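Architecture and fold: a report
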Amino acid sequence: KLNSKTTWGNWMFAGHWNRIINPKLFSETSLSFTRYRLKEKQKISGSSSTNLGDKFIASVDDFSIMNKWNYNPQSWLKLNFGINSSYLRHTPFNYENDESLENYEIIRVHSFRNAMFLDTKIKPFDKMTLNIGTRAVNYYSEGFTDNSLEPRISLNYNITKNLIFNTSYMKVKQNSHLLFTTGNFASNEVWIPATKKIKPAISEQVSSGFIANFLNNQWIMELTGYYKTMNHLATYKSGEINLKGDPNWISKIETNGTGISYGLEFFVKK
């Protein structure tokens, strides 16, 4: 008899402290803890007294603190800025097998991510709104250090009272990769950290579109086209479906992948 159980999901605890310094300055401080876990457990039992099975656990613990400020010096200018620091503990490999005499070591990777961010909202005249921002990020993971800038810019222009044109550009770097098995209902989703051998993923995206309002804003329609490039992607090597059974889990991963995504999105809201 085979009993198989898969559990995955995440839970979060967070606290916020908001403070109004004056009518133009507002601050928010938050402290949070998030945990993601994938657990796969199998047990084979028969007529004999011997029971065989295995258990695999992969998880991510994220401790974060953020201090954000909103400053509105003028009616046409708004500033959002602050800092964010995170400690991440990835456990990509925690495996037990009743058939093996070997005691597998639990593998954990400790990472730190610190960022400063600034977002500026400018309204030079009534029909135009411009958002310009960036994030400066420092990432450290057991001997590997990465520094990056993540710029973003967007523009909204009111062609008419009920028609808005929007265009944007953004660059994002992600220091965790999601591994999953295509077609697996349980998804087998495992988060792995960027290291010396697995570079952070980078994506750049441009998009443009229109937002239209009808019947006194009772109906909203959006049409957006986008083009996105991705570099330094990671996935399972051909023939691999999970990280079980091998403490050298990095050997099962293909790195430095590239990708392109583009398309049209159409949205209607009543």
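Below, the structure is looked at part by part. All figures in this text were calculated on a predicted structure; none of them were measured in a lab.

Before going further, it helps to examine unusual backbone geometry. Despite not being glycine, Asn 216 shows a phi value in the positive range, around 55 degrees. Within the fold, Asn 216 resides in the loop between β11 (201-214) and β12 (219-236). The class of Asn 216 is exposed, set by a relative accessible area of 75%. Positioned with a positive phi, His 232 is a non-glycine residue whose angle comes to about 60 degrees. Relative to the helices and strands, His 232 is located in strand β12. Judged by relative accessible area, His 232 falls into the partly exposed class, the value being 25%.

Taken together, the side chains of Phe 214, Leu 215, Trp 219, Leu 223, Leu 264, Phe 266 and Val 268 define a hydrophobic patch exposed on the protein surface, amounting to about 730 Å² of accessible area. At the level of elements, β12 and β13 (253-269) are the ones that each hand at least two residues to the nonpolar patch. Mapped onto the elements, Trp 219 comes out in strand β12.

The full count for this structure, using the stated rule, is seven salt bridges. Of the charged contacts in the structure, one is a salt bridge between Glu 150 and Arg 135, with a shortest N-O distance of 3.2 Å. One end of the pair, Glu 150, is in strand β7 (residues 144-160); the other, Arg 135, is in strand β6 (residues 128-141), and 15 residues separate them in sequence. Relative accessible area serves as the criterion here: at 23%, Arg 135 is assigned to the partly exposed category. Across the salt bridge formed by Glu 240 and Lys 252, the nearest N and O atoms sit 4.0 Å from each other. A residue pair is termed long-range when its members are at least 10 positions apart, and Glu 240 in the loop between β12 and β13 and Lys 252 in the loop between β12 and β13 qualify at twelve residues. Taking the relative accessible area as the measure of exposure, Glu 240 reaches 32% and is therefore partly exposed.

Thresholds, definitions, all that
Sequence positions are assigned chain by chain, starting from 1 and proceeding in written order. Whole-chain, interface and lining totals are the exception, using all residues; otherwise, since this is a predicted model, local features are given only for residues with pLDDT of at least 70 and side-chain atom pairs are given and counted only at 80 or more. For the side-chain quantities, the full set of heavy atoms in the structure was used; hydrogens and water were omitted. Every helix listed is a DSSP run of H or I at least four residues long, and every strand listed is a run of E at least two residues long, numbered separately from the N terminus. Here's how the labels work: a residue is buried when its accessible area is under 20% of the maximum for its type, exposed when over 50%, partly exposed in between, all with a 1.4 Å probe on protein chains only. In this scheme, patches are assembled from residues that exceed 30% relative accessible area and form no salt bridge. Like charges are connected within 9 Å, while nonpolar side chains (Val, Leu, Ile, Met, Phe, Trp, Tyr) are connected within 5 Å. With residues, only the protein chains shown are counted as cover, and all accessible areas are computed by Shrake-Rupley using a 1.4 Å probe. By definition here, a salt bridge exists when the distance from a side-chain nitrogen of Lys or Arg to a carboxyl oxygen of Asp or Glu is within 4 Å.

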